[in-house]
Amino acid sequence: MTPPGRAGRKSTTREPIIQEPVSSESAAEPEATRREAGTAESSRANRGWWDRNADEYQIEHGTFLGDDRFVWGPEGLDEVEAELLGPAEELKGRDVLEIGAGAAQCARWLAAQGARPVALDLSHRQLQHALRIGGTFPLVCADAGALPFADASFDLACSAYGAMPFVADPVQVLREVRRVLRPGGRFVFSVTHPIRWAFPDEPGPEGLSVASSYFDRTPYVEQDEDGRAVYVEHHRTLGDRVRDIVAAGFHLVDLVEPEWPAWNSSEWGGWSPLRGNLIPGTAIFVCERD
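## A look at helix α6 (residues 170-180)
Turning to α6, its buried residues number three or more, namely Pro170, Val171, Val173, Leu174, Glu176, Val177 and Val180. Contacts from the buried residues of α6 go to β2 (95-99), β5 (154-160), β6 (181-192), α7 (238-247) and β9 (250-256).

## Focus: the packing of α6 against α7
At a minimum axis distance of 9 Å, the contact between α6 and α7 shows a crossing angle of 40°. In terms of axis orientation, α6 runs oblique to α7. Both α6 and α7 take part in a crossing whose hand is right-handed. Along its contact with α6, which presents Pro170, Val171, Leu174 and Arg175, the element α7 presents Arg241, Asp244, Ile245 and Ala247.

## Things to note about the pattern of salt bridges
Counting across every chain of the model gives 17 salt bridges. With its nearest N and O atoms 2.5 Å apart, the salt bridge here joins arginine 186 to glutamate 288. Of this pair, arginine 186 sits in strand β6 while glutamate 288 sits in strand β10 (residues 282-289), and the two are 102 residues apart along the sequence. Overall, glutamate 288 belongs to the partly exposed group, its relative accessible area being 27%. The closest approach of N and O atoms between aspartate 240 and arginine 217, which form a salt bridge, is 2.9 Å. Remark: arginine 217 occurs in the loop between β6 and β7 (220-223) and aspartate 240 occurs in helix α7; sequence separation between them is 23 residues. Where salt bridges share partners, they join Arg94, Asp95, Arg116, Asp155 and Arg182 into one cluster.

## Some details on unusual backbone geometry
One non-glycine residue, alanine 104, lies in positive phi territory at about 65°. One can find alanine 104 in the loop between β2 and α4 (105-112). Judged by relative accessible area, alanine 104 falls into the buried class, the value being 0%.

## As for helix α2 (residues 39-65)
In a regular helix each residue adds 1.5 Å, so 27 residues correspond to 39 Å; α2 covers only 29 Å between its end C-alpha atoms and thus falls short of that length. Asparagine 53 marks the point of greatest bend in α2, at about 55°. Phi turns positive, to about 70°, at glycine 66, one or two residues after α2.

## Examining the nonpolar core
Of all hydrophobic cores here, the largest spans 29 residues; its most connected members are Leu97, Phe149, Val177, Phe187, Phe189 and Phe250. Listing elements by their share of this core, those giving two or more residues are β2, β3 (116-121), β5, α6, β6 and β10. Once residues within four sequence positions are removed from consideration, valine 177 is found in contact with Ile99, Leu147, Ala157, Phe187 and Phe250. Leu156, Cys158, Val256 and Ile284 belong to the second largest nonpolar core, which has 17 residues in total.

## Focus on the sheet that holds β5
Taking strand neighbours across the sheet as the criterion, the seven strands line up as β4-β3-β2-β5-β6-β10-β9 in an open arrangement whose pairing is mixed. Strands with a single pairing partner mark the edges of an open sheet, and in this sheet they are β4 (139-141) and β9. Recorded for the sheet is a direction-independent mean angle of 20° between the axes of neighbouring strands. Those strands touched by α4 are β2, β3 and β5, and its axis lies near 175° from that of β3. Contacts from helix α5 (residues 124-133) reach β3 and β4, with the element oriented near 170° to β4.

## With respect to the packing of α2 against α5
The N-to-C vectors of α2 and α5 enclose an angle of 40°; their axes lie 7 Å apart at closest approach. Together, Trp50, Asp51, Ala54, Asp55, Tyr57 and Gln58 of α2 and His124, Arg125, Gln126, His129 and Arg132 of α5 make up the contact between the two elements. Per-class residue counts for the contact of α2 with α5 are three nonpolar, four polar and four charged.

## A short note on the packing of aromatic side chains
Scanning the entire structure with this criterion turns up 15 aromatic pairs. A ring pair is formed by tryptophan 49 and tryptophan 50, whose centres lie 4.7 Å apart and whose planes are at 80°; its orientation type is edge-to-face. Classification of tryptophan 49 as partly exposed rests on a relative accessible area of 21%. Of the residues examined, tryptophan 50 reaches a relative accessible area of 8% and is grouped as buried. When the ring of phenylalanine 187 is compared with that of phenylalanine 250, the centres are 6.3 Å apart and the planes differ by 40°; the resulting orientation is tilted. Taken together, the residues phenylalanine 187 in strand β6 and phenylalanine 250 in strand β9 connect sequence positions 63 residues apart. A residue is classified by how much of its surface remains accessible, and phenylalanine 187, at 1% relative accessible area, is buried. The class of phenylalanine 250 is buried, set by a relative accessible area of 3%. Grouping aromatic residues by their ring pairs yields a cluster made of Trp49, Trp50, Tyr57, Phe166, Tyr220, Tyr231 and Trp268. Across the ring face of tryptophan 271, the terminal group of arginine 196 is positioned such that the distance to the ring centre comes to 4.3 Å.

Cut-offs used in this document
- Sequence order sets the numbering: in each chain, residues are counted from 1 along the sequence as written.
- Thresholds applied to this predicted model are a pLDDT of at least 70 for local features of residues and 80 or more for the giving and counting of side-chain atom pairs; totals over whole chains, interfaces and linings are not thresholded and use all residues.
- Values shown for side chains rest on all heavy atoms present in the structure; no hydrogens or waters enter the calculation.
- Note on classification: 1.4 Å probe, protein chains only; a residue is buried when its accessible area is under 20% of the maximum for its type, exposed when over 50%, partly exposed between these limits.
- Labels follow the DSSP assignment, with helices taken as runs of H or I lasting at least four residues and strands as runs of E lasting at least two, numbered in each case from the N terminus.
- Throughout, a residue-residue contact means that at least one pair of heavy atoms, one from each residue, lies within 4.5 Å.
- Axis definition: a line fitted to C-alpha atoms, over the contacting stretch in the case of helices. Angles run 0 to 180 degrees between N-to-C directions.
- These descriptions rest on fixed angle ranges, namely under 35 degrees for roughly parallel, over 145 for roughly antiparallel, 65 to 115 for roughly perpendicular, and the rest for oblique.
- Left-handed describes a crossing in which the near helix is turned anticlockwise from the far one by less than a right angle; the clockwise case is right-handed.
- By definition, a salt bridge exists where a carboxyl oxygen of Asp or Glu is found within 4 Å of a side-chain nitrogen of Lys or Arg.
- Residue count minus one, scaled by 1.5 Å, sets the expected span of a helix.
- A residue's bend is the angle separating two fitted axes: one through the seven residues that end there, the other through the seven that start there.
- Residues enter a nonpolar core if they are buried and are Ala, Val, Leu, Ile, Met, Phe, Trp, Tyr or Cys, with the set joined through side-chain atoms within 4.5 Å.
- Whether two strands pair depends on DSSP finding at least two bridges between them.
- Each residue is assigned to one class: nonpolar for Ala, Val, Leu, Ile, Met, Phe, Trp, Tyr, Cys and Pro, charged for Asp, Glu, Lys and Arg, and polar for all the others, Gly among them.
- Pairing of aromatic rings covers Phe, Tyr and Trp, the last through its six-membered ring, and needs centres within 6.5 Å; plane angles under 30 degrees mean stacked, over 60 mean edge-to-face, and all others mean tilted.
- Should the NZ of a Lys or the CZ of an Arg lie within 6 Å of a ring centre and within 35 degrees of the ring normal, that charge is described as sitting over the ring.

Right, dumping it as structure tokens:
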């Protein structure tokens, strides 16, 4: 799942996005709470959530994302400028795994640079949107905690708000990514900046006052009337993320906290110019394996 950045090229897809009927059961408003949620429950809930909400997500954010841009977060930091995977001219011929690809906008940009991307997502419906937009690279529906690839299959891996915020065991995912990377391979991933968990998820002034403990790692869960999770997001402090990276066998090369640019006037969830000028909204971790 890639958050929006600067408004990109409007979708050039030929077929409209068709939203599937929503049952009365799934339409019921879920209850938001903080409680424990393990690996299996988180995976099941988030697969279902993204399958149900992929159409709405692409309708709402497809214009922002474009068809083939690589945006790291809502601030609008673009890989064209950031070069966190390396200079664009050095991507040609490289095998790259995109994790949590959604409609595979980042993979499509990588392919345009001459790379050989593979786009992986937990949600089948999101990958249907990748098919709708088009591309010649493989699409794989799988869990990031059990990557269906041989050891040392890729030169690079990336994830723009994909998988990492939603998994109960981030070390397992990081170890899987390290396993499929070749020696010297790089993994770059972006997540909601951990400090944002202390603030209400509001773009206006009401989102500027601390409302909960930064150190409370209890997952955010939306559950149905029977108590079954339908959406789960996991909080890790900045120190937790660094320790997870090291525990998985990576070296942390850089930690990027994008500043909110003057040109970006958009709001998305809790992200906004007001908040973005005061607190970071995104953290990008640049990791390398031996």
